Amino acid sequence: MSAIEAAAAVDDLYRRAVESPGDIDDSALIEWLAEASHALGPVVPKEDARVLRRVVRTSRKLAAYWTERGSAALPEWRNGVDEALGARGWEAQLELVMNALDRAPDAALYAEAKARFRTARFQDWMEGVSYDEWLGDPPS
C-alpha cells in the first residue's frame, strides 16, 4: 500500500463527486476514508490523516457544487475539479506524495511527485534532475 494509491483514491473520490455528486454521503465518505487510510498502511501518519480529513470536507463541497450545476457538459471530470476548486483541488494528492517522499524516498514516489507538482502548481519541480541526483547519489 502506498501514498501513490492514496493519491489515486483522492482522484477517484473527486471523480465521483463531480460525476455522481448524489452518491457522496456520510456512508460513502466513511468507506472511502477507511480505504484511503488502509492504502497508507497500518499506522497513518498524523500529517496524512489531516490531509485525508481535508479531502473529505473538500469532496463534500465539490459534490455540493456539482449537485447544483450538473456536470454532464464537462469534457472530463478533472475540469469539474478545476472549476469548483481551482488548483488547490490538487494539493491534497501532492501533499500525500510529498509526505511519503520525505519519509521514505523512492524513485516511484519521486516520479509521482514531479507529475503531481505540475498538476497542482502549474510549474515543473526538479525538471531535468534524476531521482539519484535529487537523492544525492552521483551517477555511476
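Structural data are supplied above this passage.
Rules behind the numbers
Residues numbered from 1 in each chain as written. Predicted model: local features only at pLDDT ≥ 70, side-chain atom pairs only at ≥ 80, totals over all residues. Heavy atoms only, no water. Salt bridge = Lys/Arg side-chain N within 4 Å of Asp/Glu carboxyl O. Helix = DSSP H or I, 4+ residues; strand = E, 2+ residues; numbered from the N terminus. Buried < 20%, exposed > 50% of the residue type's maximum accessible area, 1.4 Å probe, protein only. Phe/Tyr/Trp six-rings, centres within 6.5 Å; stacked < 30°, edge-to-face > 60°. Lys NZ or Arg CZ within 6 Å of the ring centre and 35° of its normal.

Peer 1: Provide a residue-level description of the pattern of salt bridges, including the pertinent values.
Peer 2: Taken as a whole and judged by the stated rule, the model has 14 salt bridges. Note that Arg-103 and Asp-48 form a salt bridge whose closest N and O atoms lie 2.7 Å from each other. One end of the pair, Arg-103, is in helix 5 (residues 91-103); the other, Asp-48, is in helix 3 (residues 46-69), with 55 residues separating them in the sequence. When its relative accessible area of 41% is taken as the criterion, Arg-103 is described as partly exposed. On the accessibility criterion, Asp-48 (0% relative accessible area) is buried. The residue Arg-54 makes a salt bridge to Glu-95 at a minimum N-O spacing of 2.6 Å. With a gap of 41 residues between them, Arg-54 in helix 3 and Glu-95 in helix 5 connect regions that are remote in the sequence. It is possible to trace a salt-bridge network through shared partners that takes in Asp-12, Arg-15, Arg-16 and Glu-19.

Peer 1: Please provide a residue-by-residue account of the packing of aromatic side chains, values included.
Peer 2: According to the stated counting rule, one finds eight aromatic pairs in the structure shown. With centroids separated by 4.9 Å and ring planes inclined at 75°, the aromatic side chains of Tyr-65 and Trp-66 adopt a geometry described as edge-to-face. Taken together, the ring pairs connect Tyr-110, Phe-117, Trp-125, Tyr-131 and Trp-134 into an aromatic cluster. Seen from the ring of Tyr-65, Arg-69 lies directly overhead, with NZ or CZ sitting 3.7 Å from the centre.

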